[in-house]
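# Observations on the three-dimensional arrangement
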Amino acid sequence: MTAAASPSVPLRVALLGSGAGSTADHVLGSGAADVRLVLGNNSRSGIFDVARRHGVPTAHLSGVTHPDADDLDAAVLAALDGAEVDVLVLAGYMKKLGPRVLARYAGRILNTHPALLPEFGGAGMFGDHVHEAVLASGRTVSGATVHVVTADYDEGPVVAQTEVPVVPGDDVPALRARVQAAEKALLVEVLRAWRS
């Protein structure tokens, strides 16, 4: 996988999100990447407020703007190509990418997952569902994974992982907070490494 030509030139990135935008805010504040576009599928998502605060262009593209899935895939691809990005980062993006986007950016789409894949991954395993499953399993270690996105949920190659302890008395909010902090730090590390 190739990144930008020199460590002094940040990786050109598009951030895709559906939620509050805390991961996007962390990436934007880190200087680890040249974020060219923030794309979201929820017009009320906080990620758009984050992007505006950082002066980054935005695009809202969803089933509302493009009811036909093929048209939506084409519109997302056009927005990404227009931003001239090297890498896509799914920052809490809750929709599957279309086949055109997957093909164009194959091997260059990153996602974070709030567990140590391949455990606790797959369809339906996102957010608090993951933390609930980890706690129910009795594991003493959870963690965060950055992986390459493929057509199937959480099945792409793992790029990096970091462990997060599960401590006695943990509940979902406590474990979530530690794992989210680890996810954000790990993603920034990966983005910095990919640009060198």
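Residues numbered from 1 in each chain as written. Predicted model: local features only at pLDDT ≥ 70, side-chain atom pairs only at ≥ 80, totals over all residues. Heavy atoms only, no water.

### Considerations on the packing of aromatic side chains
Across all of its chains, the model carries 0 aromatic pairs by this definition. A cation over a ring is seen here: K96 above Y153, with NZ or CZ 4.7 Å from the ring centre. (Phe/Tyr/Trp six-rings, centres within 6.5 Å; stacked < 30°, edge-to-face > 60°. Lys NZ or Arg CZ within 6 Å of the ring centre and 35° of its normal.)

### Looking at the pattern of salt bridges
Across all of its chains, the model carries 9 salt bridges by this definition. In this structure, R36 and D34 form a salt bridge, with 2.8 Å as the shortest nitrogen-oxygen distance. Overall, R36 belongs to the partly exposed group, its relative accessible area being 28%. For the salt bridge of D128 with R176, the shortest nitrogen-to-oxygen distance reads 2.8 Å. Residue D128 is located in helix α5 (residues 128-137), and its partner R176 is located in helix α6 (residues 172-194); the two are separated by 48 residues in the primary sequence. (Salt bridge = Lys/Arg side-chain N within 4 Å of Asp/Glu carboxyl O. Buried < 20%, exposed > 50% of the residue type's maximum accessible area, 1.4 Å probe, protein only. Helix = DSSP H or I, 4+ residues; strand = E, 2+ residues; numbered from the N terminus.)

### Digging into the environment of G121
Inspection of the secondary structure puts G121 in the loop between β5 (109-113) and α5. Look at G121 and you get partly exposed, because its relative accessible area is 30%. Linking G121 and Y153, residues 32 residues apart in sequence, is a C-alpha distance of 7.4 Å. Among all residues touching G121, those that are not within four sequence positions of it are H113 and D154. (Contact = heavy atoms within 4.5 Å.)

### Focus: the packing of helix α1 (residues 22-30) against α6
Two numbers describe how α1 lies on α6: the axes approach to 10 Å, and their chain directions differ by 45°. As summarised for this structure, α1 and α6 are arranged oblique, according to the angle between their axes. Crossing handedness for the pair α1 and α6: right-handed. Judged by residue contacts, S22, T23, H26, V27 and S30 of α1 engage K184, A185, L187, V188, L191 and R192 from α6. Each residue belonging to the contact of α1 with α6 can be placed in one class, and the counts come to 5 nonpolar, 4 polar and 2 charged. (Axes fitted to C-alpha atoms, helices over the stretch in contact; angles between N-to-C directions. Parallel < 35°, antiparallel > 145°, perpendicular 65-115°, else oblique. Left-handed = near helix turned anticlockwise from the far one by under 90°. Nonpolar A, V, L, I, M, F, W, Y, C, P; charged D, E, K, R; others polar.)

### Things to note about the packing of α1 against helix α2 (residues 46-54)
Direction vectors running N to C along α1 and α2 enclose 15°, while the axes themselves pass 9 Å from each other. Considering their axes alone, α1 and α2 lie roughly parallel with respect to each other. In this structure, the crossing between α1 and α2 has a hand that is right-handed. Mapping the contact onto sequence places A24, D25, L28 and G29 in α1 and I47, V50, R53 and H54 in α2.

### Topic: the confidence of the model for the protein chain
Across the protein chain, the average pLDDT comes to 93, with 95% of residues at 70 or higher. Low pLDDT, under 50, characterises residues 1-7; the stretch is placed with 14 contacts to residues that sit more than four places away or in other chains. (pLDDT = per-residue confidence, 0-100.)

### Section: the pairing of β5
For β5, the buried fraction is high: 5 of the 5 residues fall into the buried class. Residue alternation in β5 divides its side chains into two sets, I109, N111 and H113 and L110 and T112, and both sets are buried. For strand β4 (residues 87-90) and β5, the ladder comprises 3 bridges, and the chain directions are parallel. Across the sheet, L88 pairs through a bridge with I109, a residue of β5. (Pairing = 2+ DSSP bridges.)

### Here we look at the sheet that holds strand β1 (residues 11-17)
Spatial strand order, β3-β2-β1-β4-β5-β6-β7: 7 strands in an open sheet with mixed pairing. A strand with exactly one partner marks an edge of an open sheet, and here the two such strands are β3 (58-60) and β7 (158-165). Recorded for the sheet is a direction-independent mean angle of 20° between the axes of neighbouring strands. Bridge count between strand β6 (residues 141-148) and β7: 7 bridges; the pairing is antiparallel.

### Observations concerning α6
Between its first and last C-alpha atoms α6 spans 32 Å; for 23 residues at 1.5 Å apiece the expected length is 33 Å, and the two agree. Those residues of α6 not exposed but buried are V172, L175, V179, A182, E183, K184, L186, L187, V188, V190, L191 and W194. (Expected span 1.5 Å × (residues − 1).)

### Focus on α5
Each turn of an α-helix holds 3.6 residues, which means side chains three or four residues apart point in the same direction. All of the buried residues in α5 are V130, H131 and V134. Looking straight down α5, one finds that the buried residues subtend no more than 95° of arc, so they occupy a single side. Buried residues along α5 sit against β5, β6 and α6. Phi turns positive one or two residues past the end of α5, at G138, with a value near 80°. (Arc of directions from axis to C-beta.)

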